[in-house]
Amino acid sequence: MDVLQRPSIPEDAVQYQLFLVHPDSSDAEAHERFLQQILQNILAEIAPLLVQYIWQHQPFNLRYHPEKGDVPAHLGGVTEFGDNVEDEWFIVYLLKHITCTFSDIAAVVYDNDGQFLLIEAAEHLPKWLDPDSSENRVFLYRGELHILPNRTRCGEVGWPRDSVPTVVQALEVLHSHTESCLAKQPIRAALAKRLDGYPDKIQQNFHCAHCYVPAGIAVVLSRRPDLIAPAVSAFYLRDPVDLQACRTFHTFPPDTRVMTSVKFTRCLYAQLQQQRFVPDRRSGFTLPVRSHPQYRAHELGMKLAHGFEILCSKSGQSSSEKEASVSSNPLWRGFLDSLKKNGYFKGELEGSVRYKDLMTSAESFFRQSVTSTHCPAIQNPGQEMLKVSEDTSYSLDDLKNQEAHLPPEDSDAWLDISPQELERLLEERGGRGVSDGTRKTAPDEEVQEEEAGYSLIAVTQGMKNFINAMSSHEGAEIPRSCLAEPFSFDPDAVTSALDGLLGSKDDELDSDDFEDDDEEDEDEEVQNGESQKQADAEALDNLRKYMDEMDQELQSTNIGRSFTQNNRTSNTADASKSSLADAGSELVEEEIQPLDVDLNLVSNLLESLASQAGLAGPASNLLQSLGIHIPPDADQS
């Protein structure tokens, strides 16, 4: 498919599609009913994971999509994840879980970068697979990554690289040759490493912190924890017009503030914590001194209050249209039964306050992800906040009494990262150390690793392997195993090849090189042979003259002195040089000393590294990509 014909996807969004591997397209209405039933079963399966999740911008959503062009009827959706890329990978985990549970479903997922699953395993992909040849080839099927292989001969499994299969054709190959389409183990291992920890990782990405907020906000968040995301975004993306509504707080007055525990995602907490903001004096918000033990709770609560107030100021008047009850939706019953089966209500009695709060969250998610026919985000979060606040009664004294029983807040030490940890993360993302999964920690092993990485022999061998590697017109490629195989270099063969091309400078041309060995046809081809011989001789003479002129021109410069030569001169050579110089002969030619290629290479690289002063540069980037680590220059002179 041409790049210009691909569907446009927002920059921070992920699109996903679920197809039946072996669909029955004879009856369109029956096919639609079957997909709707599968949708209900899917929601019932993943509901416990979805309800407790806090999305950055939009939730995971699935809807029925009828057949359009070459794309058959399927279930699909788009989710904008904003600044939290973990939302995108959580969706990938959901798709793997769905395809593992429902074996007749294959999933396709991509974003504005294309097949980002392949980007994660780029170090292990076959050479033929690139963005142009991956269209309709990559699927999540039966819980694993599948790639349609490249078919080079008739009868082989797969699809030709130079053509794009339709979705129906790709599903047929996937269904009939499942084992052949299974991605190689290193590719699947790279994807599994990125998804390692799910679904427990959901709780690890949450961060609970104490916040000193107005009582109305505490009540809203207790019933709708998901509203924390639009509130933080409103504060994070504020402008001067938004702050006009925060000069005086009408919806959430600051004199009703109480201490409460608020659950963030790590992304939302970082966005709120790292913002510097001084409230307007007219707002009524005052902060204690920075040394106060609860300064952070006061600051976070102040920022949250501004975000909630901004949203409520944009809510406008309430809509006169009454929303339909979720209970009228045929998918709601299966959704609710799955929540009860998986312990979502945590043993709470039906009708209790906590049970109602959990039910409100479930209904809200179901309304946004299933019944909404428009953008699957919270359409008017400010109006949602006002509605929850109006429908909930609370006692300020009770909220203040609950302050003594708040759970401890989580440590935010994860915000600070050491240089060593940053280096480790960069190495993992760069593809080094991924296969082992662990780093060497023993002192003796660390010394051996450093000695191997700092070896100058490794530098020269790595550069030779890089130069010797075959690359295409798309650019140079780093050898996948730079130091795995020794570099073989035959200087005699290279010298012989050059002599054959240029001829010997001291000897005349050998006539055997240009004469025909067949004596029987000598009379018939003598003229052609002589003309060919003359043409070759003229070409070699012109080449010699060109090289001689270059040598004479370079002899007047200092370029030769910039290279280090092998110290192989003998006393006899020095004596012959001096005698020839005294004679003043015009035929004297300065003896060309052989260069020490390895020494010149290393010295030039080290000089380039020293000139970088510890910063990134061509030499350090090239060596790092080759897996070679050079220590910092300890000589400050």
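Residues numbered from 1 in each chain as written. Predicted model: local features only at pLDDT ≥ 70, side-chain atom pairs only at ≥ 80, totals over all residues. Heavy atoms only, no water.

- If you check an unreviewed UniProt entry, the protein chain appears there as Protein ecdysoneless homolog from Sinocyclocheilus rhinocerous.

## Regarding the pairing of strand β4 (residues 105-111)
Logical step 1: Among the 7 residues of β4, 7 are classified as buried, and the element is accordingly described as predominantly covered.
Logical step 2: Residues I105, A107, V109 and D111 of β4 are buried on one face, and the alternating residues A106, V108 and Y110, pointing to the opposite face, are buried as well.
Logical step 3: Bridge count for strand β1 (residues 13-20) against β4 is 7 bridges, and the pairing is antiparallel. Of the residues in β4, the one forming a bridge with Q17 is V108.
Logical step 4: Note that β4 and strand β5 (residues 138-141) share 2 bridges and pair antiparallel. By the bridge assignment for β5, A107 is matched with L140. (Buried < 20%, exposed > 50% of the residue type's maximum accessible area, 1.4 Å probe, protein only. Helix = DSSP H or I, 4+ residues; strand = E, 2+ residues; numbered from the N terminus. Pairing = 2+ DSSP bridges.)

## Here we look at the confidence of the model for the protein chain
Note: predicted coordinates in regions of low pLDDT should not be interpreted at a detailed level.
Logical step 1: With 77% of its residues at a pLDDT of 70 or more, the protein chain has an overall mean of 80.
Logical step 2: A low-confidence stretch, residues 317-321 stays under pLDDT 50, and its non-local contacts, those more than four residues away or across chains, total 3 contacts.
Logical step 3: Counting contacts from residues 583-589, a segment whose pLDDT is below 50, to residues more than four positions away or on other chains yields 3 contacts. (pLDDT = per-residue confidence, 0-100. Contact = heavy atoms within 4.5 Å.)

## Notes on the sheet that holds β1
Logical step 1: Here we have 6 strands laid out as an open sheet, ordered β2-β3-β1-β4-β5-β6, and antiparallel in their pairing. Every other strand in the sheet has two partners, leaving β2 (63-65) and β6 (144-147) as the edge strands with one partner each. Strand-to-strand twist of the sheet, defined as the mean angle between neighbouring strand axes without regard to direction, takes the value 35°.
Logical step 2: Helix-sheet contacts for helix α6 (residues 185-194) involve β5 and β6, and the interaxial angle to β6 is about 135°. (Axes fitted to C-alpha atoms, helices over the stretch in contact; angles between N-to-C directions.)

## So, the packing of helix α9 (residues 228-236) against helix α12 (residues 295-313)
Logical step 1: Packing of α9 against α12 leaves a shortest axis separation of 7 Å and a crossing angle of 95°. Between α9 and α12, the angle is such that the two are roughly perpendicular. Of α12, the residues touching α9 (which contributes I228, P230, A231, V232, A234 and F235) are K303, L304, H306, G307, F308, I310 and L311.
Logical step 2: Grouping the amino acids of the contact of α9 with α12 by side-chain chemistry returns 10 nonpolar, 2 polar and 1 charged. (Parallel < 35°, antiparallel > 145°, perpendicular 65-115°, else oblique. Nonpolar A, V, L, I, M, F, W, Y, C, P; charged D, E, K, R; others polar.)

## Structural notes on the packing of α9 against helix α11 (residues 266-273)
Logical step 1: The interhelical angle for the contact between α9 and α11, taken along N-to-C directions, is 30°, at an axis separation of 10 Å. On the basis of their axis angle, the class for α9 and α11 is roughly parallel. Crossing geometry of α9 relative to α11 is assigned as left-handed. Where α9 abuts α11, its residues I228, A229, V232, F235 and Y236 lie against L268, Q271 and L272.
Logical step 2: Of the residues belonging to the contact of α9 with α11, the class tally is 7 nonpolar, 1 polar and no charged. (Left-handed = near helix turned anticlockwise from the far one by under 90°.)

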